[in-house]
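# Remarks on the overall topology
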Amino acid sequence: MKTFLKTLLFTLLLLPITLVAQNRINISARLYEDTKTLVIQQEIFFVNTSEDSLETLFFNDWANSFASKQSKLAKRFAENYDRRFHLASTEARGSTKIKSISDSQYQLLDFKRVKKSEDILEVKLRDALPPGETQQIFLNYEIHIPDARFTGYGALDDGDFNLKYWFIAPAVYDGSWQYYSNKNLDDLYMVPTDFNIDISFKKDYLLINELKQKQNNITESSEYKTVHLEGDNRNNTTIYFRQNSDFLETQTDAVTVITNISNSKVIPERESLIIDKVIGYLDKNLGDYPFEKLVISNIDYKENPVYGLNQLPDFFSPFPEDFKYELKILKTAINNYVDRTLFINPRKDKWVADAVKMNIMMRYMDDFYPKLKVLGTLNRYWIARQFNISKLEFNDQYNLLYMHMARLNLDQSLDTPKDSLIKFNVNIANAYKAASGVNYLSEYLSDTLINNSIREFYNENQLKLTNPSNLELKIKSKTTENLDWFFNDFVKTRKNIDFKFNEVHKNGDSLTIQLRNKTGILVPIPVYGMQGDSIVSKTWVKGFKKEKEISISAENIDRVAINAEGFVPEYNRRNNYKKINPFLGINKPFQFKLFQDIEDPSKNQVFFMPVAEYNFYDGLKLGVKMYNKTLLSKNFSYKIEPQYGFKSDKVTGSAGFTYTQNLEEGNLFAIRYGMSGALSSYAPDALYKRYSPFITFAFRPDDFRSDKRQYLTVRNINVYRDESNFISNEDPNYSVFNVQYTNSSPGVINALSWNTDFQLAQKFSKLSVTAKYRKVFLNNRQFDLRFFGGTFLYNDTRSDGDYFSFATDRPTDYLFNYNYYGRSESSGLFSQQLILAEGGFKSQLDTPFGNQWLTSINTSTTLWNFIHGYVDVGLIKNQGDPARFLYDSGIRTVLVEDYFEIFLPIHSSNGWELGQKNYDQKIRFIVTLDIGTMLSLFTRKWY
């Protein structure tokens, strides 16, 4: 290695030291495949293009973001519920080792890593760098390449390598330093830079890269070969090393495309034609690509796929294989085409690049597939055409997925920094919001104006630093319309757009229409005169604050509509229709459908769905659910679900009505009002009826990415129970006033939540506190701790039994909160179902209830893989008896944490349980069959 380093240094000394107009990077590197190491000698010419003298320079050393499990990259993985990095070894994670940093006089320079940013270097210059001058910096360092399983880039299991952000890059100075840590967002910010790279590696590898490439002569005795790469005006250079390359070249009229995106069901000739078609479109509608080669890889596509129905498995895909391949090439080519040529701050100003990309994407679909529906070939089937989603154009999905987040009150402004966006918004919603916004502008101004503006903006700002104001100035220069509503309100705020009709009156041959702006955002809105579903007239109304009155012709109009074509990304279109002479005041017809569908704002939709449930007393319960919930959330929703129990031969069911008031500003983000009710069997011969009005206040921090939440719920639970011959039922009917406060901070590494619960009834009142903590250590061991403490404030139910008492292992669930499958069973399989509440013990102890107070601590820790050991301890107090100490211990097998678990008792206050008879009846289990609850395991990382 010493000989190699001397050679590299000699090579660098021979490089000419000249004045440069922009940053230049010269690199000599050797890849050691066996040790997954890059040894690098690097020369950087940093040009001070600002008006300030610089005493320090900052550099992005993103390869070192993998070095620590406390880095910002590591925290990002944890926030996305990904444990792989946290559990990885030091060897697998990778790092950078800086040996020296010196100036043009070969004087060593002081450097340090920025506090709490392991991947940012701060280098102190010996003399200040004046404006317009160039500073030469030499760096000598080694990079240990991380495993590719974390980000897709790094060392692959088969010995190949994907290298991105593998070298130290100067940060941007534009009056202030623009540097930030790697967070796996693919958003390194660099000024246009000229590269000269000599990289050596084993000769049985192939190198794939976009730069101009020249290979040195290789002798038969040589084990290594060296490839020279060079390219100007670049903002990065990704290198792929392959022992057996799957990359293929396609020569188009504009550029050579190198890709390993392939589809075994599409013939190579057809793939080449598709690539040529896509590149030709980009060349025509954006402008010339300034480089000779464009590499688009599978990993590029995986980082930013086309989300939608085209991602369904092949056996159910509604699109032909050719089309799916074309979408992959289109999306990836557009991304790389723009990202490599438009030098805009990708973390702060992501929306501008999104607007350019999505505009081209939508235009491509309109030009080549104008009649394509989002269901694709499924529209051939009669059953598919019965759903409103079958009418959805392919490009309509962008507005739909953005509105999905708006309805959840999780949308974020377009100018939100990329690292502050929640995952769904980073990957999908904000790009789609940008698409919706550009389409909105196109409809308001004209397609030609917007398309020309984007093309000119792209060409005028290509290969130089730019910012959103340049796009704004370009569009505004082509119109006299005031567009502040778009660039200030739509882009920079998360205000929703929502209009409705107040009054509509016919006055002779005209209609007087009173509009109401429900949110106050000053945006233009179209108003339509309609005859049935046909548009008769269209009138643009300029933005107004509260209410506005307009007049339109009444000729051939039987109803009016706001935003009938749906191109305005409006929060609620269900209040946008008004009949001129409504029958019984009904402005929209009712629509009854089997199964859930997307929203049809012109109809009052009611959906039906068959349902099946089970409990021990009713047996299999079949029924039908009637509801109004569409694929987009609604403020008001209802569900009515009658069922029939085949075992009990009884009608059961449930119903719920809720209204959610979303609040855009402040930590209180939602208030939910509602009423729920249920009818079911609680014993072999008895039903219970439960109804509960409630109100919940939901709070979140200012950081939307934080999963911390606080909830305050006030409710009144009313229970009516039939008398039963199987269980004691001294107090069959009761009402409990309940106040709960929950503070939750879930996480994949550290999780902490706690809640307080106050209950007030005619015969008792109680107060309890529950806290849970979970920690996953660096060695992959997990520790769980739970505390419960509860006391009666008064209790007049003791003479009637323990129905309202605190339970050590199996709460009676008198509020009917828990999903017991056999809630009244004291023996048999269903009595072994464990609900981790109140005492949380796993063994059935001889003091199962406490009518005065109860405290307990439940702990468990990893023994091996999914096998954990648990210990529970507690004190229980019954009136007239001294407090008793209880404990149990055993083995916990975690199949799916909190959802499917088995507990095997070993020792407890009952003694050695393993040696006692009927041990199989002492085993406890947690099982969750609710599909919605299980789905939250997979969706939590997105929201």
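Here is what the cut-offs are and how they apply
- Residues numbered from 1 in each chain as written.
- Predicted model: local features only at pLDDT ≥ 70, side-chain atom pairs only at ≥ 80, totals over all residues.
- Heavy atoms only, no water.
- Helix = DSSP H or I, 4+ residues; strand = E, 2+ residues; numbered from the N terminus.
- Rg over C-alpha atoms; globule rule 2.2 N^0.38 Å.
- Buried < 20%, exposed > 50% of the residue type's maximum accessible area, 1.4 Å probe, protein only.
- Contact = heavy atoms within 4.5 Å.
- Areas by Shrake-Rupley, 256 points an atom, 1.4 Å probe, with all protein chains shown as cover.
- Core = buried A, V, L, I, M, F, W, Y, C linked by side-chain atoms within 4.5 Å.
- Patch = residues over 30% accessible without salt bridge, like charges linked within 9 Å, V, L, I, M, F, W, Y side chains within 5 Å.
- Salt bridge = Lys/Arg side-chain N within 4 Å of Asp/Glu carboxyl O.
- Axes fitted to C-alpha atoms, helices over the stretch in contact; angles between N-to-C directions.
- Parallel < 35°, antiparallel > 145°, perpendicular 65-115°, else oblique.
- Left-handed = near helix turned anticlockwise from the far one by under 90°.
- Lys, Arg positive; Asp, Glu negative; His and termini not counted.
- Charge placed at Lys NZ, Arg CZ, Asp CG, Glu CD.
- pLDDT = per-residue confidence, 0-100.
- Phe/Tyr/Trp six-rings, centres within 6.5 Å; stacked < 30°, edge-to-face > 60°.
- Lys NZ or Arg CZ within 6 Å of the ring centre and 35° of its normal.
- Arc of directions from axis to C-beta.
- Pairing = 2+ DSSP bridges.

### Some points on the overall build of the protein chain
Each helix and strand counted, the protein chain has 15 helices and 49 strands in total. Computed over C-alpha atoms, the radius of gyration of the protein chain comes to 33 Å, within 12% of the 30 Å expected from 2.2 N^0.38 for 943 residues, which places it in the range of a compact globule. Principal-axis analysis of the C-alpha atoms gives the protein chain an extent of 95 × 90 × 55 Å. Across the 943 residues of the protein chain, 54% fall into the buried class. Considering only contacts in the protein chain between residues 6 or more positions apart, those separated by 24 or more positions represent 62%. By element, 53% of the accessible surface of the protein chain is carried by carbon and sulfur atoms, the whole surface being about 41800 Å².

### Thoughts on the nonpolar core
Formed by 109 residues in total, the largest nonpolar core has its most connected members in Ile 475, Ile 513, Leu 515 and Val 560. Excluding anything up to four places from it in sequence, Ile 513 contacts Phe 501, Glu 503, Val 504, Val 527, Lys 548, Glu 549, Ile 550, Ile 552 and Val 560. The next biggest cluster of nonpolar side chains, apart from the first, holds 56 residues, and it includes Leu 109, Val 114, Ala 155 and Val 227.

### Concerning a nonpolar patch on the surface
Nonpolar side chains collect at one region of the surface, where Leu 752, Trp 754, Val 769, Tyr 773, Leu 785, Phe 787, Ile 857, Val 871, Val 873, Leu 875 and Phe 885 lie side by side and expose about 870 Å² of accessible area between them. At the level of elements, strand 39 (750–761), strand 40 (764–776), strand 41 (782–795) and strand 45 (867–877) are the ones that each hand at least two residues to the nonpolar patch. Tallying contributions element by element places strand 45 first for the nonpolar patch, with three residues. Within the secondary structure, Leu 875 sits in strand 45. Residue class for Leu 875 comes out partly exposed when judged on its relative accessible area of 35%.

### Topic: the packing of helix 8 (residues 350–368) against helix 12 (residues 447–461)
Direction vectors running N to C along helix 8 and helix 12 enclose 130°, while the axes themselves pass 11 Å from each other. Classed by the angle they form, the pair helix 8 and helix 12 counts as oblique. The interaxial crossing formed by helix 8 with helix 12 has left-handed handedness. Residues Val 352, Ala 355, Val 356, Asn 359 and Arg 363 of helix 8 lie in contact with helix 12, whose contacting residues are Ile 450, Asn 451, Ile 454 and Phe 457.

### Some remarks on the environment of Gly 520
Structurally, the position occupied by Gly 520 is in the loop between strand 24 (510–517) and strand 25 (525–531). A relative accessible area of 12% places Gly 520 in the buried class. As for Gly 520 and Lys 545, which are separated by 25 residues in sequence, their C-alpha atoms are 4.9 Å apart.

### Re a positive patch on the surface
On the surface, a cluster of positive charge is made up of Lys 72, Lys 75, Lys 115 and Lys 116. Tracing the backbone shows Lys 75 in helix 2 (residues 72–79). By relative accessible area, which is 46% here, Lys 75 ends up partly exposed.

### Observations regarding the confidence of the model for the protein chain
The predicted model of the protein chain has a mean per-residue pLDDT of 91, with 95% of residues at 70 or higher. Under a pLDDT of 50 for its full length, residues 1–19 has, in the predicted model, 27 contacts with residues more than four places off or in other chains.

### With respect to the packing of aromatic side chains
Per the stated rule, a full pass over the model turns up 60 aromatic pairs. Through a chain of ring-to-ring contacts, the aromatic side chains of Tyr 440, Tyr 444, Trp 485, Phe 486, Phe 487, Phe 490, Trp 540 and Phe 567 assemble into a single cluster. Here the basic side chain of Arg 24 rests over the ring of Phe 45, its NZ or CZ set 4.2 Å away from the ring centre. One Lys or Arg, Arg 407, reaches over the ring of Tyr 571 and ends 5.6 Å from the middle of that ring.

### Some points on helix 2
Along helix 2, the residues that are buried comprise Leu 73, Ala 74, Arg 76 and Phe 77. Projected down its long axis, helix 2 shows its buried positions confined to an angular sector of 160°, all on one face. Buried residues in helix 2 make contact with helix 3 (84–87) and helix 11 (423–444). One or two positions beyond helix 2, positive phi appears at Tyr 81, with a value near 60°.

### Remarks on the sheet that holds strand 17 (residues 239–242)
With antiparallel pairing, four strands are arranged side by side in an open sheet as 8-9-17-14. Looking along the sheet, the strands with just one partner apiece sit at the ends: strand 8 (154–155) and strand 14 (206–208). Pairing geometry for strand 9 (residues 161–163) and strand 17, over three bridges, is antiparallel. By the bridge assignment, Asn 162 is partnered in strand 17 with Tyr 240.

### Notes on the sheet that holds strand 3 (residues 54–60)
Here we have four strands laid out as an open sheet, ordered 5-6-3-10, and antiparallel in their pairing. Two strands lie at the open edges of the sheet, namely strand 5 (111–113) and strand 10 (169–170), each paired on one side alone. The sheet contact formed by strand 3 and strand 10 spans two bridges and is antiparallel. Along strand 10, the bridge assignment pairs Asn 60 with Ala 169.

### Looking at the pairing of strand 34 (residues 650–662)
For a regular strand, the rule is simple: side chains alternate between the two faces of the sheet. Sheet topology places strand 33 (residues 636–645) next to strand 34; ten bridges connect them, and they run antiparallel. Among the inter-strand pairings, Tyr 638 is bridged to a residue of strand 34, identified as Phe 657. Two successive antiparallel strands, strand 33 and strand 34, enclose a turn made up of four residues, where Asp 649 displays a positive phi of approximately 60°. Sheet topology places strand 34 next to strand 35 (residues 668–683); ten bridges connect them, and they run antiparallel.

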